[in-house]
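# Fold and geometry: a report
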Amino acid sequence: MKILIELKKKGQSINLSKKGNDVGEILVNLKWNQHTKAAKSGGFLSSLFGGAPKNLDLDLGCLYEMTSGEKGCVQALGNAFGASNSYPYIQLDHDDRTGESAGGENLRINGSNIKHIKRVLVYAFIYEGAANWSEADGIVKLTYGGGEDIVVKLDEHRNGKVMCAIAMIENINNETFKVQRLVEYYQGHAQLDKAHGWGISWTAGSK
């Protein structure tokens, strides 16, 4: 049975253990609960303009920076699902729109190509539904072959902000990754980007 480590405090971090020559595939899993109160709430945009209530749709994604300097994002919004065996060596498996998928949403990071990946900022954002993180009960678990499972709970709620920066994954000497808890909340992609110095130009998207 694998050991489970929870990163509970902001800034707390852990280095991943190598299995053989590299850390192998890293699976970042997001799960959340679909509560009645959330389901009855209006969407973030519909709350501004009026419209039918929408269920809570919490999306997993990431910003990435390669060692070459190239930057981008992987997320369902804009159909930017990425690829695990080619650039950017990060892939989102699917888009769970209800929170009822048994497997949740997953980012797969190809740790065998660590030399290409400088850093990855894992985030979640509320695409539809009230910006109420206390209702979502979001939890992210990182698993990989070489060591302990790592958990970050989205339990420092900042309701009213749709974006949560969950964790930073950083390359350590092309040998392993450091995983650091963030759990910081922002108004959207552009504000999160600015806070962490990515420098991407953002436009409105859909899925």
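The structure contained in this document is the topic of the report that follows. These figures come from a predicted structure and were not determined experimentally.

Time to look at the sheet that holds strand β12 (residues 163-172). One open sheet accounts for six strands, arranged β2-β13-β12-β9-β4-β5; its pairing is antiparallel. The sheet terminates laterally at β2 (13-15) and β5 (71-74), the two strands that pair on one side only. The sheet shows a mean angle of 20° between the axes of neighbouring strands, direction not considered. For β12 and strand β13 (residues 176-186), the ladder comprises nine bridges, and the chain directions are antiparallel. The residue of β13 that forms the bridge with cysteine 164 is tyrosine 185. Those strands touched by helix α4 (residues 189-196) are β4 (57-66), β9 (117-128), β12 and β13, and its axis lies near 130° from that of β13.

As a further point, take the packing of aromatic side chains. For any pair of aromatic rings, the description rests on two quantities: the centre-to-centre distance and the angle between the ring planes. Taken as a whole, this structure holds three aromatic pairs when the rule is applied. Considering the side-chain rings of tyrosine 123 and phenylalanine 125, the 6.1 Å spacing of their centres and the 45° angle between planes classify their relative orientation as tilted. In this structure tyrosine 123 comes out as buried when scored by relative accessible area, which is 0%. Looking at arginine 119, its charged tip hangs above the ring of tryptophan 198, at a distance of 3.7 Å from the centre.

Before going further, it helps to examine the state of the cysteines. On inspection of all chains with the given rule, the structure shows zero disulfides. The thiol of cysteine 62 is not disulfide-bonded; the next cysteine sulfur, from cysteine 73, is found 7.7 Å away. Among the residues examined, cysteine 62 registers a relative accessible area of 0% and is labelled buried.

Rules used throughout
Residues numbered from 1 in each chain as written. Predicted model: local features only at pLDDT ≥ 70, side-chain atom pairs only at ≥ 80, totals over all residues. Heavy atoms only, no water. Pairing = 2+ DSSP bridges. Helix = DSSP H or I, 4+ residues; strand = E, 2+ residues; numbered from the N terminus. Axes fitted to C-alpha atoms, helices over the stretch in contact; angles between N-to-C directions. Contact = heavy atoms within 4.5 Å. Phe/Tyr/Trp six-rings, centres within 6.5 Å; stacked < 30°, edge-to-face > 60°. Buried < 20%, exposed > 50% of the residue type's maximum accessible area, 1.4 Å probe, protein only. Lys NZ or Arg CZ within 6 Å of the ring centre and 35° of its normal. Disulfide = S-S within 2.5 Å.

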